[in-house]
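Chain and residue survey
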Amino acid sequence: MSLSSRHLLGLQGVPKEDIQLILDTATTFREVLERPIKRVPTLQGKTIVNLFYESSTRTRISFELAEKRLSADAINFAVSTSSVNKGESLKDTVRNIEAMKVDMVVIRHSAAGTPLMLTKLCDANIINAGDGIHEHPTQALLDMYSIREKLGRLEGLKVCIVGDIAHSRVALSNIFGLKTMGAKVSVCGPSTMIPKYIQELGVDVIYNIDEAIQESDVLNVLRIQLERKAREYFPSIREYVKYFGITSERLERNKKDILILHPGPINRGVELSSDVADGPYQIILQQVTNGVAVRMAVLYLLGTLN
Amino acid sequence: MNIKAKLVDKDGIERMITRIAHEILEKNKGSKNLVLIGMRTRGEFIARRLQKKIKEIEGVDIPLGVLDVTLYRDDFRTRLKQPQVSVSDITFDINEKDIILVDDVLYTGRTVRSALNALMDFGRPSTIQLCILVDRGHRELPIRADFVGKNIPTSLNEEIKLKVEEYDGEDAIYLVEAEKK
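Residues numbered from 1 in each chain as written. Chains lettered and ligands numbered in written order. Predicted model: local features only at pLDDT ≥ 70, side-chain atom pairs only at ≥ 80, totals over all residues.

1. A look at the sheet that holds strand E4 (residues 125-131) of chain A
Residue and element names in this part refer to chain A. Short version of the rule: For two strands to be treated as a pair, DSSP must find at least two bridges joining them. Under the scheme used here, helices are H or I runs from DSSP no shorter than 4 residues and strands are E runs no shorter than 2 residues, and both carry numbers assigned from the N terminus. For every element, the axis is a line fit to its C-alpha atoms; helices are fit only across the contacting stretch, and the angle between N-to-C directions ranges from 0 to 180 degrees.
In spatial order, the strands read E2-E1-E3-E4; together these four strands make up an open sheet with parallel pairing. Single-partner strands in this sheet number two, and they are strand E2 (73-78) and E4. Pairwise comparison of adjacent strand axes, ignoring direction, gives a mean angle of 15 degrees for this sheet.

2. A word on the domain arrangement of chain A
Residues and elements named next belong to chain A. Condition: For the domain bounds, the source is a domain assignment made automatically or taken from a database. By definition, residues are in contact whenever their C-beta atoms, placed on the basis of the backbone, come within 7 Å of each other. Here the term charged refers only to Asp, Glu, Lys and Arg, the term nonpolar to Ala, Val, Leu, Ile, Met, Phe, Trp, Tyr, Cys and Pro, and the term polar to all other amino acids, Gly among them.
Taken as a whole, chain A is organised into domain 1 (16-136 + 288-303) and domain 2 (137-283). Of note, the centres of domain 1 and domain 2, computed from C-alpha atoms alone, are 26 Å apart. On the side of domain 2, 21 residues touch domain 1, which itself brings 20 residues to the contact. Residue assignment for the side of domain 1 that touches domain 2 shows that the elements contributing at least two residues are helix H1 (16-32), E4 and helix H11 (284-303). When its residues are assigned to classes, the side of domain 1 that touches domain 2 shows eight nonpolar, seven polar and five charged.

3. Observations regarding the environment of A:Tyr243
Structurally, the position occupied by A:Tyr243 is in helix H8 (residues 237-244). When the C-alpha positions of A:Tyr243 and A:Ser4 are compared, they lie 43 Å apart, and in sequence the two are 239 residues distant.

4. Some points on the sheet that holds strand E8 (residues 218-221) of chain A
All names here are of chain A. Read from one edge to the other, the open sheet built from five strands follows the order E7-E6-E5-E8-E9, with strand pairing classed as parallel. Since the sheet does not close on itself, it has two edges, and those belong to strand E7 (204-206) and strand E9 (259-261), each with one partner. Mean inter-strand twist for the sheet, computed between neighbouring axes without regard to direction, equals 25 degrees. Pairing of strand E5 (residues 158-162) with strand E6 (residues 184-188) involves five bridges; the strand directions are parallel. What sits directly across from Lys 158, in E6, is Lys 184. Taken strand by strand, helix H6 (residues 169-180) contacts E5, E6 and E8, and its axis lies near 160 degrees from that of E6.

Here you go:
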């Protein structure tokens with residue numbers, strides 16, 4: 001069993017068997033993370049560069065930990081302290097890094113399609129850690145892993161993605177991945193944040209959050225990206241909270257049992273109220289733990305391909 | 001699979017396990033401090049039978065764990081097929097324990113080498129003793145077994161196939177012609 005591609009650029013078009021293999025392999029690494037020595041020698045001698053052109057806490061630390069726990073040599077590259085400041089192009093940066101003999105590149109960039117471009121520039125395995133508003137495949141994989149761990153399956157589950165769908169790479173990767181795995185996906189948010197042709201991806205649109213809660217087994221609540229000018233899409237944060245914020249009062253009113261995911265970082269009091277963010281329905285911190293295992297699985301499966 | 005001979009049958013394997021269980025208890029002066037670690041896949045089932053046998057003899061249930069060594073292998077770069085990984089299941093503390101590491105066939109010794117590395121990541125046992133049902137020779141590393149079911153010297157174009165009821169549906173040891181690489 002091995003993956004059908006030597007890169008992970010997104011979940012669009014990735015076959016079901018590949019996703020299944022990554023999720024099953026992650027179970028192994030989940031066990032490694034529970035050991036007293038959380039380290040296996042599997043990728044010894046491999047060099048992996050983390051190229052982060054956009055800020056990140058969780059994803060970068062998660063990838064770095066995953067690399068170290070597989071005994072790979074991890075190198076971090078932060079744009080702020082690099083020659084990018086001197087005007088070096090991405091192409092030149094990557095070519096120079098490749099000349100130092102690296103095996104894999106993990107890249108986050110604000111421009112969609114950057115990981116795809118890298119596959120044409122160098123021989124290393126490329127992993128997309130988020131490209132613009134396109135895809136964020138490892139986040140979707142860890143979301144699916146977490147749902148499967150909690151509810152035992154993905155097929156037939158009703159998952160609703162809530163928030164700014166139009167500007168979310170997490171939403172897009174989740175839609176592709178969940179649809180492939182046989183889940184029923186819907187999206188919910190202010191109509192200004194729902195892309196026009198989203199139904200073509202085979203998802204339902206729900207404009208009323210109470211209806212979304214009643215209809216779904218799982219809510220994947222996205223962060224309102226205030227830094228991406230989210231405020232231009234609704235009149236005020238108070239109004240967003242009133243119509244789309246998830247509060248425990250709202251959950252109790254609609255239903256008793258639901259699973260809540262959030263990719264972090266949370267805007268407490270905006271998309272999730274504080275008591276929901278710490279409450280019994282959410283698995284936000286489990287998602288973070290699972291993220292390391294899922295990334296180890298991806299690195300292992302790509303790094304040991306011949 | 002081109003079978004050349006059936007070397008051991010069900011009763012033979014049963015007798016081997018009975019004898020090895022006694023040897024383990026003799027060498028370790030009882031079952032105190034013993035733990036069994038079976039190596040996936042068939043080692044696990046052999047370990048379970050040893051556990052049962054030791055219970056019959058001494059009346060004690062000794063802890064049993066399962067080890068998957070895929071992540072510790074040294075042949076990732078040379079194999080054509082990516083091995084499927086599965087979960088190790090060792091729920092007890094192995095520090096200061098006497099470990100009986102159980103596998104079906106001992107050949108190059110590389111799997112045992114990976115297992116030793118893996119066990120060291122779980123703790124620091126006081127001893128690790130190796131128990132195997134068939135030693136077919138051709139070691140590539142300085143490794144030997146403490147408890148051996150049967151020594152079967154083979155040529156390099158032969159292989160030993162050990163089958164267990166729980167996994168393969170029968171108990172037997174076959175000598176087969178090696179599959180062409």
